[in-house]
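One letter stands for each residue in the lines below.
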Amino acid sequence: MVLFERAHHWLDRLTTLPGLRQACAIRYERRFAGNRRENLFRGVYDSFEAAAATAPAARPLGYDNPDSALMYRDRIQRVYPSDYPVLFWLQWLFAQGCTHVFELGGHIGISYYAYQTVMSYPDALRWVVSDVPAVMERGTAFARNKDGLGKLSFDGDFSHAAEADVLMALGVLQYLPETLVQRLAGLPRLPPHLIVNLTPLHAERGYFTLQSIGTAFCPYRIDVLQRFIDGFKALGYTVRDAWINPEKSCEIPFHPQHSLRHYHGFYLRRDDADGASSARNRLDR
(Lines give C-alpha, C1' and ligand atoms only; values in the text may rest on other atoms or scores of the structure.)
Protein backbone atom coordinates (compact mmCIF):
# COMPACT_ATOMS: atom_id res chain seq x y z
CA MET A 1 0.00 0.00 0.00
CA VAL A 2 2.83 2.40 0.87
CA LEU A 3 4.61 1.70 -2.42
CA PHE A 4 1.35 2.21 -4.30
CA GLU A 5 0.73 5.56 -2.59
CA ARG A 6 4.28 6.70 -3.31
CA ALA A 7 3.96 5.71 -6.95
CA HIS A 8 0.63 7.54 -7.15
CA HIS A 9 2.23 10.62 -5.59
CA TRP A 10 5.04 10.71 -8.13
CA LEU A 11 2.68 10.14 -11.03
CA ASP A 12 0.63 13.11 -9.84
CA ARG A 13 3.76 15.21 -9.69
CA LEU A 14 4.83 14.15 -13.17
CA THR A 15 1.53 15.31 -14.63
CA THR A 16 2.28 18.84 -13.42
CA LEU A 17 5.23 19.12 -15.81
CA PRO A 18 4.66 21.58 -18.70
CA GLY A 19 3.07 19.86 -21.67
CA LEU A 20 2.78 16.44 -20.01
CA ARG A 21 -0.39 17.29 -18.06
CA GLN A 22 -2.09 18.57 -21.19
CA ALA A 23 -1.15 15.45 -23.14
CA CYS A 24 -2.39 13.19 -20.34
CA ALA A 25 -5.62 15.17 -20.04
CA ILE A 26 -6.33 14.86 -23.77
CA ARG A 27 -5.68 11.13 -23.66
CA TYR A 28 -7.89 10.66 -20.60
CA GLU A 29 -10.69 12.69 -22.15
CA ARG A 30 -10.75 10.31 -25.10
CA ARG A 31 -10.90 7.35 -22.74
CA PHE A 32 -13.63 9.00 -20.66
CA ALA A 33 -15.80 9.97 -23.63
CA GLY A 34 -15.52 6.55 -25.28
CA ASN A 35 -15.87 4.50 -22.10
CA ARG A 36 -18.17 1.49 -22.28
CA ARG A 37 -17.28 -0.69 -19.29
CA GLU A 38 -15.32 1.25 -16.66
CA ASN A 39 -16.43 3.53 -13.84
CA LEU A 40 -14.59 6.79 -14.53
CA PHE A 41 -14.61 10.32 -13.11
CA ARG A 42 -13.51 13.58 -14.65
CA GLY A 43 -13.17 17.15 -13.37
CA VAL A 44 -14.21 19.17 -10.31
CA TYR A 45 -17.17 21.57 -10.57
CA ASP A 46 -19.12 23.95 -8.35
CA SER A 47 -22.60 22.70 -9.22
CA PHE A 48 -24.66 19.89 -10.69
CA GLU A 49 -25.41 22.06 -13.72
CA ALA A 50 -21.77 22.94 -14.31
CA ALA A 51 -20.78 19.27 -14.30
CA ALA A 52 -23.65 18.37 -16.63
CA ALA A 53 -22.65 21.10 -19.08
CA THR A 54 -19.26 19.46 -19.68
CA ALA A 55 -20.65 16.00 -20.53
CA PRO A 56 -19.77 14.66 -23.99
CA ALA A 57 -22.74 14.49 -26.34
CA ALA A 58 -22.05 10.85 -27.25
CA ARG A 59 -24.38 9.43 -24.59
CA PRO A 60 -27.32 10.55 -22.39
CA LEU A 61 -27.20 12.26 -19.03
CA GLY A 62 -28.23 10.15 -16.05
CA TYR A 63 -29.94 6.77 -15.69
CA ASP A 64 -33.25 7.62 -17.33
CA ASN A 65 -32.59 5.68 -20.54
CA PRO A 66 -33.08 2.04 -21.65
CA ASP A 67 -29.40 1.06 -21.62
CA SER A 68 -28.84 2.26 -18.06
CA ALA A 69 -32.05 0.53 -16.96
CA LEU A 70 -30.49 -2.79 -18.03
CA MET A 71 -27.48 -2.42 -15.73
CA TYR A 72 -26.79 -4.34 -12.51
CA ARG A 73 -28.92 -7.44 -13.13
CA ASP A 74 -25.93 -9.52 -12.04
CA ARG A 75 -26.29 -8.06 -8.54
CA ILE A 76 -29.77 -9.33 -7.73
CA GLN A 77 -28.47 -12.62 -6.34
CA ARG A 78 -25.27 -11.38 -4.74
CA VAL A 79 -24.62 -9.62 -1.44
CA TYR A 80 -21.50 -7.46 -1.25
CA PRO A 81 -19.40 -6.58 1.84
CA SER A 82 -20.87 -3.07 1.84
CA ASP A 83 -24.36 -4.57 2.20
CA TYR A 84 -23.82 -6.16 5.60
CA PRO A 85 -24.27 -3.06 7.78
CA VAL A 86 -27.51 -2.38 5.88
CA LEU A 87 -28.63 -5.98 6.36
CA PHE A 88 -27.88 -5.79 10.08
CA TRP A 89 -29.98 -2.69 10.66
CA LEU A 90 -32.74 -3.70 8.30
CA GLN A 91 -33.14 -7.04 10.05
CA TRP A 92 -33.16 -5.25 13.43
CA LEU A 93 -35.84 -2.83 12.23
CA PHE A 94 -37.98 -5.67 10.90
CA ALA A 95 -37.72 -7.28 14.33
CA GLN A 96 -38.98 -4.00 15.86
CA GLY A 97 -42.10 -4.19 13.71
CA CYS A 98 -41.15 -2.05 10.71
CA THR A 99 -42.83 -3.29 7.54
CA HIS A 100 -42.81 -0.40 5.05
CA VAL A 101 -39.53 0.34 3.21
CA PHE A 102 -39.23 3.21 0.75
CA GLU A 103 -35.99 2.86 -1.21
CA LEU A 104 -34.84 5.92 -3.10
CA GLY A 105 -32.84 4.92 -6.16
CA GLY A 106 -33.25 1.17 -5.81
CA HIS A 107 -32.95 0.63 -9.58
CA ILE A 108 -34.97 -2.47 -10.59
CA GLY A 109 -35.10 -3.70 -6.98
CA ILE A 110 -31.51 -4.92 -6.70
CA SER A 111 -31.34 -4.83 -2.90
CA TYR A 112 -34.84 -6.25 -2.52
CA TYR A 113 -33.91 -9.34 -4.54
CA ALA A 114 -30.38 -9.73 -3.18
CA TYR A 115 -31.23 -9.33 0.50
CA GLN A 116 -33.95 -11.98 0.48
CA THR A 117 -31.26 -14.55 -0.38
CA VAL A 118 -29.77 -14.13 3.13
CA MET A 119 -32.66 -12.89 5.31
CA SER A 120 -36.39 -13.40 5.81
CA TYR A 121 -38.86 -10.61 5.09
CA PRO A 122 -41.92 -9.84 7.25
CA ASP A 123 -45.18 -11.20 5.88
CA ALA A 124 -46.61 -7.67 5.81
CA LEU A 125 -43.59 -6.11 4.06
CA ARG A 126 -44.12 -3.35 1.50
CA TRP A 127 -40.91 -2.46 -0.35
CA VAL A 128 -41.32 0.56 -2.62
CA VAL A 129 -38.56 1.58 -5.04
CA SER A 130 -38.47 5.15 -6.34
CA ASP A 131 -36.22 5.76 -9.33
CA VAL A 132 -36.22 7.41 -12.75
CA PRO A 133 -39.00 6.40 -15.17
CA ALA A 134 -36.94 4.20 -17.54
CA VAL A 135 -35.57 2.19 -14.62
CA MET A 136 -38.93 1.79 -12.90
CA GLU A 137 -40.53 0.66 -16.15
CA ARG A 138 -37.85 -1.99 -16.52
CA GLY A 139 -38.17 -2.96 -12.85
CA THR A 140 -41.93 -3.38 -13.10
CA ALA A 141 -41.58 -5.65 -16.13
CA PHE A 142 -38.82 -7.64 -14.45
CA ALA A 143 -40.88 -8.10 -11.27
CA ARG A 144 -43.72 -9.80 -13.15
CA ASN A 145 -41.57 -12.90 -13.49
CA LYS A 146 -38.97 -12.46 -10.76
CA ASP A 147 -40.83 -11.19 -7.68
CA GLY A 148 -42.18 -14.42 -6.25
CA LEU A 149 -42.93 -12.77 -2.90
CA GLY A 150 -45.01 -10.03 -4.47
CA LYS A 151 -43.82 -7.40 -2.01
CA LEU A 152 -42.04 -5.03 -4.44
CA SER A 153 -43.61 -2.02 -6.14
CA PHE A 154 -42.39 1.14 -7.88
CA ASP A 155 -43.40 4.74 -7.24
CA GLY A 156 -41.74 7.89 -8.59
CA ASP A 157 -43.54 10.20 -6.14
CA PHE A 158 -41.12 10.96 -3.30
CA SER A 159 -43.92 12.41 -1.18
CA HIS A 160 -45.00 8.83 -0.49
CA ALA A 161 -41.80 8.38 1.52
CA ALA A 162 -43.76 10.08 4.32
CA GLU A 163 -45.71 6.85 4.75
CA ALA A 164 -42.63 4.66 5.26
CA ASP A 165 -41.12 3.22 8.42
CA VAL A 166 -37.68 3.06 6.82
CA LEU A 167 -36.22 5.18 4.05
CA MET A 168 -33.17 3.66 2.35
CA ALA A 169 -30.77 5.43 0.00
CA LEU A 170 -28.00 3.10 -1.14
CA GLY A 171 -25.56 4.65 -3.60
CA VAL A 172 -28.02 7.20 -4.96
CA LEU A 173 -27.55 10.52 -3.14
CA GLN A 174 -24.56 11.47 -5.29
CA TYR A 175 -26.79 11.53 -8.38
CA LEU A 176 -29.44 13.94 -7.08
CA PRO A 177 -29.51 17.64 -8.05
CA GLU A 178 -30.70 18.38 -4.51
CA THR A 179 -29.73 16.84 -1.18
CA LEU A 180 -31.77 14.22 0.65
CA VAL A 181 -32.27 16.72 3.48
CA GLN A 182 -33.88 19.13 1.02
CA ARG A 183 -36.20 16.39 -0.21
CA LEU A 184 -37.12 15.31 3.30
CA ALA A 185 -37.84 18.90 4.30
CA GLY A 186 -40.86 18.93 2.00
CA LEU A 187 -42.54 15.93 3.62
CA PRO A 188 -45.46 16.30 6.05
CA ARG A 189 -44.07 13.39 8.06
CA LEU A 190 -40.49 12.20 8.32
CA PRO A 191 -39.66 8.49 8.10
CA PRO A 192 -38.50 7.51 11.60
CA HIS A 193 -35.54 5.49 10.29
CA LEU A 194 -32.98 6.25 7.58
CA ILE A 195 -30.37 3.86 6.18
CA VAL A 196 -27.87 5.60 3.92
CA ASN A 197 -24.99 3.74 2.29
CA LEU A 198 -22.36 3.97 -0.45
CA THR A 199 -22.25 7.77 -0.18
CA PRO A 200 -19.14 9.73 -1.23
CA LEU A 201 -18.23 12.36 1.37
CA HIS A 202 -15.13 14.53 1.74
CA ALA A 203 -13.70 15.62 5.08
CA GLU A 204 -13.30 19.28 4.02
CA ARG A 205 -14.75 20.03 0.59
CA GLY A 206 -18.09 19.90 -1.18
CA TYR A 207 -18.09 19.72 -4.99
CA PHE A 208 -19.32 17.87 -8.06
CA THR A 209 -17.53 15.72 -10.60
CA LEU A 210 -18.72 13.99 -13.78
CA GLN A 211 -19.01 10.21 -13.90
CA SER A 212 -18.96 7.94 -16.93
CA ILE A 213 -20.88 4.73 -16.24
CA GLY A 214 -20.50 3.35 -19.77
CA THR A 215 -24.11 3.90 -20.82
CA ALA A 216 -24.39 7.54 -19.75
CA PHE A 217 -22.67 10.49 -18.08
CA CYS A 218 -23.78 11.56 -14.60
CA PRO A 219 -23.16 14.72 -12.58
CA TYR A 220 -21.91 13.40 -9.26
CA ARG A 221 -22.25 15.11 -5.88
CA ILE A 222 -19.60 14.84 -3.16
CA ASP A 223 -20.68 16.57 0.05
CA VAL A 224 -18.77 17.60 3.16
CA LEU A 225 -18.98 14.85 5.79
CA GLN A 226 -19.93 17.00 8.79
CA ARG A 227 -22.29 19.20 6.80
CA PHE A 228 -24.01 16.05 5.55
CA ILE A 229 -24.55 14.82 9.11
CA ASP A 230 -25.59 18.24 10.44
CA GLY A 231 -28.35 18.46 7.83
CA PHE A 232 -30.03 15.37 9.24
CA LYS A 233 -29.53 16.57 12.80
CA ALA A 234 -31.47 19.73 11.89
CA LEU A 235 -34.39 17.46 10.98
CA GLY A 236 -34.27 15.71 14.34
CA TYR A 237 -32.27 12.64 13.34
CA THR A 238 -29.45 11.13 15.37
CA VAL A 239 -26.66 9.03 13.89
CA ARG A 240 -26.96 5.68 15.66
CA ASP A 241 -24.30 3.92 13.59
CA ALA A 242 -21.74 4.90 10.96
CA TRP A 243 -19.35 2.86 8.83
CA ILE A 244 -17.13 3.14 5.80
CA ASN A 245 -17.19 1.23 2.51
CA PRO A 246 -13.48 0.52 1.88
CA GLU A 247 -14.16 -1.26 -1.41
CA LYS A 248 -15.62 1.93 -2.93
CA SER A 249 -13.40 4.80 -4.07
CA CYS A 250 -13.59 7.84 -6.31
CA GLU A 251 -10.40 8.66 -8.18
CA ILE A 252 -10.56 11.91 -10.14
CA PRO A 253 -7.44 12.12 -12.35
CA PHE A 254 -5.38 15.29 -11.89
CA HIS A 255 -7.34 16.10 -8.69
CA PRO A 256 -5.78 14.02 -5.90
CA GLN A 257 -7.09 16.34 -3.17
CA HIS A 258 -10.64 15.71 -4.36
CA SER A 259 -10.33 11.93 -4.76
CA LEU A 260 -11.78 9.59 -2.13
CA ARG A 261 -10.40 6.34 -0.73
CA HIS A 262 -13.70 5.13 0.67
CA TYR A 263 -17.41 5.89 0.89
CA HIS A 264 -19.72 6.17 3.92
CA GLY A 265 -22.82 4.59 5.41
CA PHE A 266 -25.16 5.54 8.28
CA TYR A 267 -28.16 4.41 10.25
CA LEU A 268 -30.09 7.44 11.54
CA ARG A 269 -33.14 7.52 13.78
CA ARG A 270 -35.56 10.29 14.60
CA ASP A 271 -35.26 11.49 18.17
CA ASP A 272 -38.99 10.98 18.69
CA ALA A 273 -39.07 7.94 16.35
CA ASP A 274 -42.46 8.89 14.91
CA GLY A 275 -41.57 11.59 12.41
CA ALA A 276 -44.90 13.23 13.01
CA SER A 277 -43.77 16.86 13.09
CA SER A 278 -43.29 18.84 9.92
CA ALA A 279 -39.80 18.69 8.48
CA ARG A 280 -40.14 22.22 7.16
CA ASN A 281 -40.86 23.56 10.63
CA ARG A 282 -37.75 21.80 11.94
CA LEU A 283 -35.51 23.50 9.38
CA ASP A 284 -37.07 26.91 9.91
CA ARG A 285 -36.44 26.99 13.65
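A short tour of the structure in this document, coming up. (Residues numbered from 1 in each chain as written. Predicted model: local features only at pLDDT ≥ 70, side-chain atom pairs only at ≥ 80, totals over all residues. Heavy atoms only, no water.)

Below, the discussion takes up the pairing of strand β5 (residues 166-170). Here β5 lies mainly inside the structure; five of its five residues are buried. Alternating positions in β5 separate into two faces, Val166, Met168 and Leu170 on one and Leu167 and Ala169 on the other, with burial throughout. Note: β5 against strand β6 (residues 193-199), five bridges, orientation parallel. Bridging across to β6, Ala169 finds its partner in Val196. (Buried < 20%, exposed > 50% of the residue type's maximum accessible area, 1.4 Å probe, protein only. Helix = DSSP H or I, 4+ residues; strand = E, 2+ residues; numbered from the N terminus. Pairing = 2+ DSSP bridges.)

Time to look at the environment of Phe208. Structurally, Phe208 is set in strand β8 (residues 207-212). Judged by relative accessible area, which is 8%, Phe208 ranks as buried. Residues in contact with Phe208, not counting those within four places in the same chain, are Gly43, Val44, Tyr45, Asp46, Ser47, Phe48, Ala51, Tyr220 and Arg221. (Contact = heavy atoms within 4.5 Å.)

The next thing to look at is the packing of aromatic side chains. In the structure shown here, the tally under the stated rule is 22 aromatic pairs. Taken together, a centroid distance of 4.4 Å and an interplanar angle of 25° make the contact between Trp89 and Tyr267 stacked. One end of the pair, Trp89, is in helix α5 (residues 84-95); the other, Tyr267, is in strand β11 (residues 263-270), and 178 residues separate them in sequence. Judged by relative accessible area, which is 1%, Tyr267 ranks as buried. Measuring from ring centre to ring centre gives 5.3 Å for Tyr175 and Tyr220, while their planes differ by 85°; the resulting arrangement is edge-to-face. Residue Tyr175 is located in the loop between β5 and α8 (180-184), and its partner Tyr220 is located in strand β9 (residues 217-224); the two are separated by 45 residues in the primary sequence. Pair check on accessibility: Tyr175 and Tyr220 agree, each one buried. (Phe/Tyr/Trp six-rings, centres within 6.5 Å; stacked < 30°, edge-to-face > 60°.)

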